[in-house]
Amino acid sequence: MTEIADSDFRHAQRHIRLDTILRLRWLAVLGQLAAIFIVAQGLEFNVEIVPCVSIIALSAALNLALQTAANPMQRLEPMQAAGLLALNIVELAGLLFFTGGLQNPFSFLFLAPVLISATALPARFTFGLGLLAVACASVLFFFHSPLPWDSDDPLVLPPIYLVGVWLSIALAIGVTSLYSFQVTEEARKLADALAATELVLTREQHLTQLDGLAAAAAHELGTPLATIFLISRELEKTVKDPSFAADLKTLREQTQRCRDILSKITQLSSTGAPFDRMKLSELIEEVVAPHRDFGVDIKVRIAVAVAAEPVGSRNPAILYGIGNIVENAVDFAHTTVEVNAWWNKDDIELVISDDGPGIPPDILKRIGEPYLSRRRTQDEGGERRGLGLGVFIARTLLERTGAKVSFTNRTFPDHGAVVQINWPRERFEAIETLEETIG
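Model, not experiment: these values are computed from the prediction. (Residues numbered from 1 in each chain as written. Predicted model: local features only at pLDDT ≥ 70, side-chain atom pairs only at ≥ 80, totals over all residues. Heavy atoms only, no water.)

S.K.: Which parts of the structure should I look at to understand the overall build of the chain?
M.R.: In terms of helices and strands, the chain carries 13 helices and 9 strands. Taken over 439 residues, the chain has a buried fraction of 38%. Counting only carbon and sulfur atoms, one obtains 62% of the accessible surface of the chain, whose full area is about 24,400 Å². (Helix = DSSP H or I, 4+ residues; strand = E, 2+ residues; numbered from the N terminus. Buried < 20%, exposed > 50% of the residue type's maximum accessible area, 1.4 Å probe, protein only. Areas by Shrake-Rupley, 256 points an atom, 1.4 Å probe, with all protein chains shown as cover.)

S.K.: What is the right way to read the side chain of T255 from this model?
M.R.: Position of T255 relative to the elements: it lies in helix α7 (residues 242-271). There is a polar contact of 2.7 Å between the side chain of T255 and the backbone oxygen of L251. Residue contacts for T255: discarding those within four places in its chain leaves L225, I228 and F229. (Polar contact = N/O pair within 3.5 Å; in protein donor to acceptor, adjacent residues only side chain to side chain. Contact = heavy atoms within 4.5 Å.)

S.K.: What is the right way to read the UniProt feature "transmembrane region" (unreviewed entry) in the chain from this model?
M.R.: Within the UniProt annotation, "transmembrane region" (unreviewed entry) is assigned to residues 24-43, 49-69, 81-99, 105-122, 129-147 and 159-181. In the segment residues 49-69, helix accounts for 100% and strand for 0%; the C-alpha atoms at its two ends are 30 Å apart. With 56% helix and 0% strand, residues 105-122 has its two end C-alpha atoms placed 29 Å apart. (UniProt positions renumbered as here; feature names shortened; annotations may be inferred.)

S.K.: Looking at this model, I keep getting lost on unusual backbone geometry. Mind explaining?
M.R.: The general pattern is negative phi for most residues beyond glycine and trans for most peptide bonds. The amide bond that connects F412 to the next residue, P413, takes the cis arrangement and shows omega of 15°. Structurally, P413 is set in the loop between β8 (404-409) and β9 (417-424).

S.K.: What is the right way to read the confidence of the model for the chain from this model?
M.R.: Predicted coordinates in regions of low pLDDT should not be interpreted in detail. With 79% of its residues at a pLDDT of at least 70, the chain reaches an overall mean of 79. Low pLDDT, under 50, characterises residues 1-12; the predicted model gives this stretch 27 contacts beyond four residues in sequence or across chains. With pLDDT under 50 throughout, residues 431-439 is counted as low confidence; its partners more than four residues away or in other chains account for 21 contacts. (pLDDT = per-residue confidence, 0-100.)

S.K.: I keep staring at the sheet that holds β8 and nothing clicks. Help me out?
M.R.: Judged by pairing direction, the sheet is mixed, and its 5 strands sit side by side in the order β4-β6-β7-β9-β8 without closing on themselves. Each edge of the open sheet carries a strand with a single partner, namely β4 (297-302) and β8. Across the sheet, the axes of successive neighbouring strands diverge by a mean angle of 15°, strand direction being ignored. Most of the contacts of helix α9 (residues 316-332) go to strand β7 (residues 347-354), to which it runs at about 25°, and overall it touches β4, β6 (336-343), β7 and β9. (Pairing = 2+ DSSP bridges. Axes fitted to C-alpha atoms, helices over the stretch in contact; angles between N-to-C directions.)

S.K.: For this particular structure, what's the right way to read the layout of surface pockets?
M.R.: Any empty space left between the atoms is revealed when a probe the size of a water molecule rolls over them. In this structure, the largest pocket occupies an estimated 810 Å³ of space. What lines the largest pocket is a set of 31 residues, among which Q32, L92, L95, F106 and L109 lie closest to the centre. Those elements that provide at least two residues to the lining of the largest pocket are α1 (18-42), α2 (49-69), α3 (78-97) and α4 (111-120). Counted by class, the lining of the largest pocket contains 23 nonpolar, 6 polar and 2 charged residues. (1 Å grid on protein atoms, 1.4 Å probe; cavity = no way out; pocket = protein on both sides within 12 Å on 5 of 7 lines; lining within 4 Å. Points joined across faces, edges and corners; volume = space filled by probe spheres on them. Nonpolar A, V, L, I, M, F, W, Y, C, P; charged D, E, K, R; others polar.)

S.K.: Would you take a moment to explain the packing of aromatic side chains for this structure?
M.R.: Two measures describe an aromatic ring pair: the distance that separates the ring centres and the angle between the ring planes. Counted according to the given criterion, the structure contains 3 aromatic pairs. Ring geometry for F97 versus F98: centroids 5.1 Å apart, planes at 85°, classification edge-to-face. Its relative accessible area of 33% is what places F97 among the partly exposed residues. (Phe/Tyr/Trp six-rings, centres within 6.5 Å; stacked < 30°, edge-to-face > 60°.)

S.K.: What is the right way to look at a nonpolar patch on the surface in this model?
M.R.: A surface patch of nonpolar side chains, amounting to about 430 Å² of accessible area, comprises F97, V139, F142 and F143. Topologically, V139 is positioned in helix α5 (residues 123-142). (Patch = residues over 30% accessible without salt bridge, like charges linked within 9 Å, V, L, I, M, F, W, Y side chains within 5 Å. Salt bridge = Lys/Arg side-chain N within 4 Å of Asp/Glu carboxyl O.)

S.K.: It is not clear to me how the pattern of salt bridges should be interpreted in this structure. Could you clarify?
M.R.: A side chain of one charge can pair with a side chain of the opposite charge when the charged atoms of the two come close. Counting across every chain of the model gives 7 salt bridges. Notably, a salt bridge pairs R395 with E399, separated by 3.1 Å at the nearest N-O pair. Of this pair, R395 and E399 both sit in helix α11 (residues 389-400), 4 residues apart, which is roughly one turn of the helix. Residue classification places R395 among the partly exposed positions, given a relative accessible area of 21%. If you follow the salt bridges from partner to partner, you end up with R301, E338 and R410 in one network.

S.K.: What is the right way to read α1 from this model?
M.R.: Across its 25 residues, α1 extends 35 Å between first and last C-alpha, which sits within 8% of the 36 Å expected from 1.5 Å per residue. Within the sequence span of α1, burial applies to L18, D19, I21, L22, R25, V29, I36 and A40. Of the residues flanking the end of α1, it is E44, one or two places downstream, whose phi is positive at about 55°. (Expected span 1.5 Å × (residues − 1).)

S.K.: Where do I start with the environment of L76 in this structure?
M.R.: Position of L76 relative to the elements: it lies in strand β2 (residues 75-76). As a C-alpha pair, L76 and I16 span 60 residues in sequence and 5.5 Å in three-dimensional space.

S.K.: Looking at this structure, how should I read the nonpolar core?
M.R.: Among soluble globular proteins, nonpolar side chains are generally buried collectively. In this structure, I322, V337, I352, I421 and W423 are the most contacted members of the largest nonpolar core, which totals 37 residues. Mapped onto this core, the elements with two or more residues apiece are α8 (280-288), α9, β6, β7, α11, β8 and β9. The element contributing the most residues to this core is α9, with 7 residues. What I352 contacts, discounting residues up to four positions off in sequence, is I322, I325, V326, A329, V337, E338, V339, A417, V418, V419 and I421. In this structure, I16, L92, A93 and L102 belong to the second largest nonpolar core, which totals 30 residues. (Core = buried A, V, L, I, M, F, W, Y, C linked by side-chain atoms within 4.5 Å.)

S.K.: What is the right way to read the side chain of R25 from this model?
M.R.: The residue R25 is located in helix α1 in this model. Judged by its relative accessible area of 1%, R25 is buried. A distance of 3.1 Å separates polar atoms of two side chains, one belonging to R25 and the other to E91.

S.K.: Would you explain the packing of α1 against α3 in this entry?
M.R.: Packed helices, taken two at a time, are described by the angle between their axes plus the distance between the axes. Relative to each other, α1 and α3 sit at 5°, their axes nearing to 11 Å. Taken together, the axes of α1 and α3 lie roughly parallel to each other. Contacts from L18, I21, R25 and Q32 in α1 reach L84, L85, L87, N88, E91 and L95 in α3. (Parallel < 35°, antiparallel > 145°, perpendicular 65-115°, else oblique.)

S.K.: Help me understand the environment of T335 in this model?
M.R.: Counting through the fold element by element, T335 comes out in the loop between α9 and β6. T335 has contacts with V296, D297 and D355, leaving out every residue within four places of it along the chain. At 3.3 Å, the side chain of T335 forms a polar contact with the side chain of T336. Of note is the side chain of T335, whose polar atom sits 2.6 Å from the side chain of D355.

Here it is as structure tokens:
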């Protein structure tokens, strides 16, 4: 079975395009200008226009400089993206300083850069940006200009209210950022795991193409080799010189050897092609055979049924899926793994069980999620055992062939994991190509 390492897909470097950051910054510039214009001209409040416009102008100048000096389509390193987001927080803090501090309702915009980081940057940068935003909000709690308001009826907010605003900003940054990070991380894991699944199928497809190429080569080379063999045999009969006769004999023997090799290749291609029809018992034996030499007794039981034995295609998705589950069972088993098969005219059921420790209750309900694993690293000591990306791939592949896969534990006092795989018989016996399985 094809082995995929979790590390090949996890912890991929995350990047944001410069164009994305610049669009957000230009949006902030336009929004800030509009807000100042409305407050100063529309509401006729006394606003510190010069310092506010100066901060916005510096932000716009930086945007223009970045667009001119760098390719907007380039992907920023996490440190660079975090730096620009941190600058957004500082610029917002500067504007709030001249417009009322935490009394300004726009103070909740501290949340925006941190949320962007939570969805696109590693956790350490999000944590740092969150601390920066809370620190800026804390400074604004004590130091800020008066809130722009009617000078004849000034608005005075009690300190307890400002404490509530500060606390709500801090909690909003923490809770929403954590939630966004978890949702994004799960989506990223799922995307990586699906990429690994398609890689498995692509490798199987490449093997299929090589198999067909070998069959074609064997067919095309068969005719010229047969001609060489016949001519060398006739020359061997007519040539009397012993030295030439010995060379012709060697030529005939080597030609026959080539024909035998091509004959074996043809036989392998015709009887072992990935989409040949095979009985369920033969499919199970092919999957189980590679795992019989690991010190664990694998018992295969085929139930006697009135209906004829199911015959399905030798589908790589089914072979990999069942093979991965059997491999996990062998890894966890103490002495025995059982593979039981049963069918009738409508359904097919395959049950794979072991006598190992079973599946922990906290993992049982989440089996099949990508990168769910309890494998211990070599630094932690002990064997590396677990249910991770491989089980996700196996379950995904089997479900795409129409199977329903469930994971349970044996009933006490017995112990061990049980994996039940059910197919509608009609679906199992249908001939499917690799492309149909992927789709």
